[in-house]
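Each chain, written out:
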Amino acid sequence: MFRKLKTLIGGAALALGLSMNAPGAGAVELTMYYPVAVGGPLTKIVDGLVADFMKANPGIKVNAIYAGNYNDARIKALAALKSGKPAQLSVMFSIDIYELIEQGAIVAFDDIVETPEEKAWLKKFYPSLMENGMTQGKVWGIPFQRSTIVMYYNKDAFRDAGLDPAKAPATWDELVSMGKKLVKKSGGQTVRWGAMIPSTGYPYWMFGALTKQNGQVLMNADGNKTFFDAPATVEALQFWRDLGNKHGVMPSGTIEWGTLRKNFLEGKTAIMWHSTGNLTVVKNKAKFDFGVAMLPAKKSRGTPTGGGNFYIFKKSSPAERKAAMKLIRFLTEPGRTAEWSMKTGYIGTRPDAYQTEALKKYVAGFPPAAVARDQLKFATAELSTYQTGRVRKLLDDAIQAALVGKKSPQDALGSAQKQADRLLKRYR
């Protein structure tokens, strides 16, 4: 009798377009978009964390949707806001902050937090990771899949070249001198380059590291002025170009972001600059002894931070915002932050994550896991301005024009600065 009644109820539910597994009355349903920029099994990790949250919070259902890379995630999330099915939260570029505010798309966390505990939570994260999430005196983005650029190097290649495998290049001069020794030729062909810095995908990000190392940032804190034509900026681009064209340490022209990790794992380059988000994949797949080091210095060490923040959309109800806050706090708890860092290679975004027994033990057994964290003391904010997509493209195009020899670094960056000035003038 019970089975018959259950069948009748199930049939009625299907006829009404309902699901027997749908959230119950009063439940909150959230849609969250998130990107993956470095490959690997990150979607499975996110799905697992979200499943843990729903198990602990049966009154909240979360639809976590993988949206492609960072640009794809922004486009899809903003498109959803204009549709009849907007998302309530998303992981997007930390540098999307000005565009999202200008479009009225997001709400500041300061306007959502209520309790002293929630207000204290906003101060739990590394200050350098918060730079890209704060403006107008408020917090708009919460760090999640955050990174710095680190230097991966093949210790076996160092040994082969007669170099100390425990000593990575610490300065620009050492990058050149050691890089030349690491280049390997066979039959007149280069079979191993000394180093590779990717110049597609996110060239402005790599360039932000070079300029910071040369004592120059790319923009002001208000997001309305850039320093593309500053002498130190031009000098940094000249150095990047010289690594290929003059010193022969890396291929001349552009180097692909998407295939660089494969080139490193296949031994085609002894050094690569890439996101710490690749760390776990490299650890699992490298068939050689490898090391991870901070990026080298000219005037000082330096890297921009990078990666994605959590944002909550303005088109969400009070109940949805409260549920979204609960989800974000769950995913950024010290233990889960530690788990996320160990499984992906991304930075543990808060100091207390590194005090958990699990992450302390992991770092003790695998010291490269601490490099990106330790490098935060030399970090700066990633390039972010009003009209950020257009401004970023100006710089990307200038970098690539210089690297392929179409323009001198001075001319390429001077043109980019003039155009950026025109775009940002109204925000000053």
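Residues numbered from 1 in each chain as written. Predicted model: local features only at pLDDT ≥ 70, side-chain atom pairs only at ≥ 80, totals over all residues. Heavy atoms only, no water.

## Looking at the overall build of the protein chain
Counted only if it meets this: The numbering of helices and of strands both runs from the N terminus, where a helix is a DSSP run of H or I of at least 4 residues and a strand a run of E of at least 2. Radius of gyration means the value over C-alpha atoms here, while the globule rule gives 2.2 Å times the residue count to the 0.38 power. Throughout, a residue-residue contact means that at least one pair of heavy atoms, one from each residue, lies within 4.5 Å.
Scanning the protein chain from terminus to terminus reveals 18 helices and 12 strands. For 428 residues, the compact-globule estimate of 2.2 N^0.38 gives 22 Å, and the C-alpha radius of gyration of the protein chain, at 23 Å, lies within 12% of that figure. Over its C-alpha atoms, taken along the principal directions, the protein chain stretches across nearly 80 × 50 × 40 Å. Contacts in the protein chain between residues far apart in sequence, at least 24 positions, make up 75% of those at least 6 positions apart.

## Digging into the packing of helix H10 (residues 231-245) against helix H18 (residues 409-424)
What counts is decided by this rule: The axes used here are C-alpha line fits, helices contributing only the stretch in contact, and every angle between their N-to-C directions lies in the interval 0 to 180 degrees. Should an angle fall under 35 degrees it is taken as roughly parallel, and over 145 as roughly antiparallel, whereas 65 to 115 is taken as roughly perpendicular and any remaining angle as oblique. The handedness criterion is simple: a crossing whose near helix is rotated anticlockwise from the far helix by less than a right angle is left-handed, and one whose near helix is rotated clockwise is right-handed. Gly falls in the polar group here, along with every residue not listed as nonpolar (Ala, Val, Leu, Ile, Met, Phe, Trp, Tyr, Cys, Pro) or charged (Asp, Glu, Lys, Arg).
For the pair H10 and H18, the least separation of the axes is 9 Å and the interaxial angle reads 135°. In terms of orientation, H10 and H18 fall into the oblique class. As for how H10 packs across H18, the hand of that crossing is right-handed. Contacts from Thr 233, Val 234, Leu 237, Gln 238 and Arg 241 of H10 reach H18 at Pro 409, Gln 410 and Leu 413. In terms of residue class, the contact of H10 with H18 is made up of 4 nonpolar, 3 polar and 1 charged.

## Describing helix H17 (residues 388-403)
The criterion, for reference: Helix span, as expected, comes to 1.5 Å for every residue beyond the first. Summary of the burial criterion: residues with accessible area below 20% of their type's maximum are buried, those above 50% are exposed, and those between are partly exposed, where the area comes from a 1.4 Å probe applied to protein chains only.
Helix length check: H17, at 16 residues, gives a terminal C-alpha distance of 22 Å against a target of 22 Å (1.5 Å per residue), a fit within 8%. Regarding H17, the residues found buried are Thr 388, Val 391, Arg 392, Leu 394, Leu 395, Asp 396, Ala 398, Ile 399, Ala 401, Ala 402 and Leu 403. Buried residues belonging to H17 abut helix H3 (70-82), helix H4 (97-102), helix H9 (203-213), H10 and H18. At the exit of H17 stands Gly 405, carrying a positive phi of roughly 85°.

## Thoughts on helix H14 (residues 334-344)
Of the positions making up H14, those classed as buried are Thr 337, Ala 338, Trp 340, Ser 341, Met 342 and Thr 344. The inward-facing, buried residues of H14 contact helix H2 (42-56), strand E6 (142-154), helix H12 (279-285), helix H13 (318-331) and helix H15 (357-365). Once H14 ends, the next one or two residues include Gly 345, with phi positive near 100°.

## A look at the domain arrangement of the protein chain
In many analyses, interface size is given as the accessible surface area lost on bringing the parts together. Put simply, the rule is: For every domain, the bounds stem from an assignment made automatically or drawn from a database. Put simply, buried area is the surface a 1.4 Å probe can reach on two separate parts but cannot reach once they are joined, added for both. A side-chain nitrogen of Lys or Arg and a carboxyl oxygen of Asp or Glu constitute a salt bridge if their distance falls within 4 Å.
Its domain assignment divides the protein chain into domain 1 (27-147 + 306-370) and domain 2 (149-305 + 381-427). The centre of domain 1, based on its C-alpha atoms, is set 27 Å off from the matching centre of domain 2. Taken together, the 35 residues of domain 1 in the interface contact 31 residues of domain 2. Note on domain 1 versus domain 2: buried area summed over both sides is about 2400 Å², and carbon and sulfur give 54% of it. Viewed at the interface, domain 2 and domain 1 are joined by 1 salt bridge. With a shortest N-O distance of 3.7 Å, Arg 426 and Glu 102 are connected by a salt bridge. Listing elements by their share of the side of domain 1 that touches domain 2, those giving two or more residues are H3, H4, helix H6 (127-130), E6, strand E11 (303-312) and H14. Looking at the side of domain 1 that touches domain 2 residue by residue, the class counts come to 15 nonpolar, 14 polar and 6 charged.

## Examining the nonpolar core
Operational definition: Here, the term nonpolar core denotes a set of buried Ala, Val, Leu, Ile, Met, Phe, Trp, Tyr and Cys residues that are joined through side-chain atoms within 4.5 Å.
Grouped together as the largest cluster of nonpolar side chains are 145 residues, with contacts concentrated most on Phe 207, Trp 240 and Trp 273. When residues of this core are sorted by domain, at least three fall in each of domain 1 (27-147 + 306-370) and domain 2 (149-305 + 381-427). Residues contacting Trp 240, with those up to four places away along its chain left out, are Ile 197, Pro 198, Ser 199, Pro 203, Met 206, Phe 207, Leu 210, Met 250, Ile 399 and Leu 403.

## Some points on the pattern of salt bridges
Within the structure shown, the criterion is met by 19 salt bridges. The shortest N-O distance in the salt bridge between Glu 339 and Lys 343 comes to 2.8 Å. In this pair, Glu 339 and Lys 343 both sit in helix H14, 4 residues apart, roughly one turn of the helix. Between Lys 360 and Glu 357 there is a salt bridge, with its nearest N and O atoms 3.2 Å apart.

## Thoughts on the packing of helix H8 (residues 172-182) against H10
With their axes 11 Å apart at the nearest point, H8 and H10 run at an angle of 10° to one another. Taken together, the axes of H8 and H10 lie roughly parallel to each other. Together, Trp 172, Leu 175 and Val 176 of H8 and Ala 236, Phe 239 and Leu 243 of H10 make up the contact between the two elements. Of the residues that constitute the contact of H8 with H10, the class distribution is 6 nonpolar, no polar and no charged.

## With respect to the side chain of Asn 224
Under the convention used in this document: Contacts described as polar in this section are N or O atom pairs within 3.5 Å, which, within protein, must combine one atom able to donate a hydrogen with one able to accept it, while residues neighboring in sequence count only if both atoms come from side chains.
By the secondary structure assignment, Asn 224 is in the loop between H9 and H10. Looking at Asn 224, its side chain comes within polar contact range of the side chain of Asn 220, at 2.6 Å. Once residues lying within four places of it in the same chain are set aside, the contact partners of Asn 224 are Leu 424, Tyr 427 and Arg 428.

## Description of the pairing of E11
Rules: In this analysis, strands are considered paired if DSSP registers two or more bridges between them.
Among the 10 residues that make up E11, 10 are buried, leaving the element largely enclosed by the rest of the structure. As judged from the 5 bridges shared by strand E3 (residues 89-93) and E11, these two strands associate in the antiparallel manner. The partner of Met 92 across the bridge, within E11, is Asn 309. Pairing of E6 with E11 involves 5 bridges; the strand directions are antiparallel.

## Things to note about the environment of Pro 409
Checked against the element boundaries, Pro 409 lands in helix H18. Considering only alpha carbons, one finds Pro 409 and Pro 116, 293 residues apart in sequence, at a separation of 51 Å. When residues no more than four places from it in sequence are discounted, the contact partners of Pro 409 are Val 234, Leu 237, Gln 238, Arg 241 and Ala 402.

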